[in-house]
Every structure is written in C-alpha cells, then in structure tokens.
Amino acid sequence: MQDQQDWRPLTIGTASLMEKFALLLLFSLLLIGVYLVLRPFMLGLVFGAILAVAAWPLRSWLVGKGLSGLVAAGIMLTALLVFVLVPMALAAPGLALGVKQLAEQGMGWIASSPPLPGWITGLPLVGPKMAATWDGLLAQTPESNAMLMSYAQPVRQFLTNAALGLAASIMDVAVALIVATTFWSRGDRMALVLHDSLARLGGPQLAALTDVAASATRGVFYGIVGTAVIQGLLMWAGLVLAGVPGAAPLGFVTLIFAISQFGGALINLVWGGAAWWLYSTSGMGPAFWFVVAWGVMVTFSDNLLKPLLIGSSLKLPLMLVILGVFGGFLSFGFLGLFIGPTLLAVAFELLAAWRRRKPEGQAQ
C-alpha cells in the first residue's frame, strides 16, 4: 500500500508533463504549417506591414475628416495603384535593359578617353590641375583598365540585378498592397489585439514597445526611403525636361545611389554624365546649364529632405543603414532595399528602449 502511494504522485506528474509536451509539439507543428503556407507571400506580408505603419498618419488624417476606415483604405489603395504599382508594371520590362545599356555606354565613354572641355581647363588656378588629374584617371594602361573593370563590373551587375528585381517584385508589391489595405481598414481593432496579446505575454512595458517599433518604421521609411524616392523622381523629371535620353533608367539609378547612402558622390555621376552628353551634342546651351543646376539641387536635396522627413526621433548609425540596404537586397531582392534598413532600425530602437527601461524595483 505504501509503495502505491509513493508512485502515485510520480505517475500523475509524469502524465501532466507528457500532456504539456504533446500540446507544445502540436502547437509547434501548427506554427510550422502556418509558416509553410505563408512563406511564398512572406516578403509581401512584411513589406505590407511596413507600408501600413508608414502611411498610418495619412489614414488617421482621412479618418479624422469623417471618413470610415474602409473608405480611407480604398482611397489610399487607389492612390498606390495609380502612382506605384501601375508605373512599376509599365517601367519594369524595359528598365533592366536600359540600365545595362546605360552602364555599357558609360564604360565605353570612359574607354574613349574624352578630353575635358576647354572652358574647364582654362579656369584660373584650378583648370590645369583638374586637367592633369583627369588625364591621369583616364590613362589607358593595362593596370588602370584592370582596376577600372574590377570596380565597374560589380556596380553594373548590382544595378542590373536591382532593375531585374523590380520586375520580379511586382507580385510581392501587389500582396503588400492587399495587406496594407487590410491594416488601414481594420487597423484600430488589429492594434488593440496586438497590444492586448503583448500585454498578456510581457506586461504593459512590452506592449508599449509597439509604439517604439512603429516610430522607428516611420522614421527610416520617411527619412531614407522617402528621400531616395524623391531624389530619383526629381532626377527623372529634370532629365525629361532637358530632353536627355534614358531619363527613366537614370532616375532609377539615382534612387539606388541615394538609398545606398553613398548618394552624394555617385548622384553627381548621373547628372554629370547627362550634362556631358548635352555639352557634346549641343554645347553649353540652356539645357546644359539647367541639368547642372538641377543636378546640384538633387544632390544636396537630401540635406533638407532627410532631417525634414526623419525628424529627430530616430538616431540610426550610418553603418547600420548601409548594412540594412545591401544585406536586405542580397536576402530579399529589390524590396530588401526598403525592408532591410527598416528591420534593422526597428531592432536598434527596441534594443535602445529596452536599455533605457529601469529594472523592476529600481527608482525611476
């Protein structure tokens, strides 16, 4: 009798442990199944969530004007279809070819060793020095050619892959728009569910981190992505007005250079090449000076746009942004240019918020 009493608690405890293990196993299998179902759309889901959070202030403004969440979501979806998805679908097929041809023409132009214009070499004090530096850069030796190709080939491949990735991302963008529209139409209820779930898991402090994540998402999306998109559109518009061929590929290259955070020096190459083409075909006419002035404005516009759009709420290290851009591109393709820095920004801000939080029992 004593032996049976001693074994009974052990038997009950073991059965309870087995039940918990079986429940955990079934729940894990359920999560794996959900992931496998959603995996083909995962990129669109993530980008849609980022897009929804980034555009949430606009949705709040529309709702504040008396519109329902569903009507506001419909207006925002229509705007994105007209200004994002349709232009992408129209431009994507020929963009990769245009970027490739643009890179090859640039390499051929450099290989031809073009001389500097006479008005540059004739500048007092700096003219002769600029001419000597230019001649040294274009000196056609096997060593210089090999060095030039070693740098040019990866850049050309990166730009071409980015243009190809734009075409491949159209389906992901379509999924992202559906996801974002769902958030905009039912966002208030979804936000309450998320806050309640996180509060149950980790208390009010964990739930409050959702606001930190949303702020970081908007900051990096406005300041980095928004600035790059505006610079790309400005470059495209200016080159179209000046009559420069290949304005769309040049605008796309400007966007890539701007979002890579090496934009200042590299964007100068875009408008500088366009100005050189105008000079070689029609001389220093109004179009030439317009492109020079417009290009300088586009290059330095990030100094105004970025602080204006990003505000003072996000202090993201530059190296983290660069890693996010290129790491996101290598991992997710074209949309990774936007998703990568956003995810790293959210992680960085959450870590900073956690470090600022006082441990329980410590004076605030």
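Residues numbered from 1 in each chain as written. Predicted model: local features only at pLDDT ≥ 70, side-chain atom pairs only at ≥ 80, totals over all residues. Heavy atoms only, no water.

Enquirer: Now, about the overall build of the chain: what can you tell me, with residues and values included?
Expert: Along the chain, the regular secondary structure elements total 14 helices and zero strands. The linear arrangement of helices and strands in the chain, starting from the amino end, is α-α-α-α-α-α-α-α-α-α-α-α-α-α. Out of the 364 residues in the chain, the part that is buried amounts to 36%. Contacts in the chain between residues at least 24 apart in sequence constitute 75% of all its contacts with a sequence separation of at least 6. A total of about 21200 Å² of accessible surface is found on the chain, and carbon and sulfur atoms cover 73% of it. (Helix = DSSP H or I, 4+ residues; strand = E, 2+ residues; numbered from the N terminus. Buried < 20%, exposed > 50% of the residue type's maximum accessible area, 1.4 Å probe, protein only. Contact = heavy atoms within 4.5 Å. Areas by Shrake-Rupley, 256 points an atom, 1.4 Å probe, with all protein chains shown as cover.)

Enquirer: Describe the side chain of Thr-227, with residues and values.
Expert: Relative to the helices and strands, Thr-227 resides in helix H8 (residues 170-242). For Thr-227, a relative accessible area of 2% puts it in the buried group.

Enquirer: Please provide a residue-by-residue account of a nonpolar patch on the surface, values included.
Expert: On the surface, a nonpolar cluster with roughly 720 Å² of combined accessible area is contributed by Phe-21, Leu-25, Leu-26, Leu-29, Ile-32, Tyr-35 and Leu-36. Here Leu-26 is to be found in helix H1 (residues 2-38). Look at Leu-26 and you get exposed, because its relative accessible area is 56%. (Patch = residues over 30% accessible without salt bridge, like charges linked within 9 Å, V, L, I, M, F, W, Y side chains within 5 Å. Salt bridge = Lys/Arg side-chain N within 4 Å of Asp/Glu carboxyl O.)

Enquirer: Can you break down the nonpolar core residue by residue, with the values?
Expert: Phe-252, Ile-256 and Val-291 are the most contacted members of the largest nonpolar core, which has 64 residues in total. At 13 residues, H8 tops the list of elements feeding residues into this core. Discounting chain neighbours no more than four positions away, the residues touching Val-291 are Leu-239, Ala-242, Val-244, Trp-271, Ala-274, Ala-275 and Leu-278. (Core = buried A, V, L, I, M, F, W, Y, C linked by side-chain atoms within 4.5 Å.)

Enquirer: I'd like a rundown of the environment of Gly-324, residues and numbers included.
Expert: Mapped onto the fold, Gly-324 is located in helix H13 (residues 318-332). Given the relative accessible area of 2%, Gly-324 is considered buried. Counting along the chain gives 14 residues from Gly-324 to Phe-338, while the straight-line C-alpha distance between them is 8.4 Å. Excluding residues within four positions of it along the chain, Gly-324 makes contact with Gly-336, Gly-340, Pro-341 and Leu-344.

Enquirer: Summarise empty space enclosed by the protein; cite the residues concerned and give the values.
Expert: Tallied over the full model, the rule gives one cavity of 30 Å³ or more. In this structure, the largest cavity spans a volume of roughly 30 Å³. Breaking the lining of the largest cavity down by element, the ones donating at least two residues are H8 and helix H11 (286-300). When residues of the lining of the largest cavity are assigned to their parent elements, the largest contribution, four residues, is made by H11. For the lining of the largest cavity, the residue count by class is six nonpolar, two polar and no charged. (1 Å grid on protein atoms, 1.4 Å probe; cavity = no way out; pocket = protein on both sides within 12 Å on 5 of 7 lines; lining within 4 Å. Points joined across faces, edges and corners; volume = space filled by probe spheres on them. Nonpolar A, V, L, I, M, F, W, Y, C, P; charged D, E, K, R; others polar.)

Enquirer: Please provide a residue-by-residue account of the packing of aromatic side chains, values included.
Expert: In total, this model carries five aromatic pairs according to the counting rule given. Summarising the aromatic geometry, the rings of Phe-47 and Phe-338 are spaced 6.2 Å apart at their centres and angled 45° between planes, so their arrangement reads as tilted. Of this pair, Phe-47 sits in helix H2 (residues 42-54) while Phe-338 sits in helix H14 (residues 336-356); the two residues are 291 residues apart in sequence, bridging distant segments of the chain. Residue classification places Phe-338 among the buried residues on the basis of a relative accessible area of 8%. Summarising the aromatic geometry, the rings of Phe-288 and Trp-289 are spaced 5.0 Å apart at their centres and angled 80° between planes, so their arrangement reads as edge-to-face. Judged by its relative accessible area of 6%, Phe-288 is buried. (Phe/Tyr/Trp six-rings, centres within 6.5 Å; stacked < 30°, edge-to-face > 60°.)

Enquirer: Please set out the layout of surface pockets residue by residue, giving values where relevant.
Expert: A volume near 1300 Å³ is recorded for the second largest pocket. Lining the second largest pocket we find 37 residues, and of these Phe-83, Val-84, Val-229, Leu-233 and Leu-255 sit closest to its centre. Counting only elements with at least two residues in the lining of the second largest pocket, the list comes to H2, helix H3 (56-64), helix H4 (69-111), H8 and helix H9 (247-259). Considering every element that reaches the lining of the second largest pocket, the biggest residue donor is H8, with twelve residues. Residues that form the lining of the second largest pocket fall into these classes: 34 nonpolar, three polar and no charged.

Enquirer: An account of the side chain of Gln-231 is requested, with residue identities and associated values reported.
Expert: For Gln-231, the position within the fold is in helix H8. What makes Gln-231 buried here is its relative accessible area of 3%. With near-sequence residues (within four places) excluded, Gln-231 lies in contact with Thr-254, Ala-258, Ile-267, Val-298, Thr-299, Ser-301 and Asp-302.

Enquirer: Residues and numbers for the environment of Ala-72, please.
Expert: Locating Ala-72 in the fold gives a position in helix H4. On the basis of relative accessibility, which here comes to 0%, the residue Ala-72 falls in the buried class. For the pair Ala-72 and Ser-185, spaced 113 residues apart in sequence, the C-alpha to C-alpha distance is 7.2 Å.

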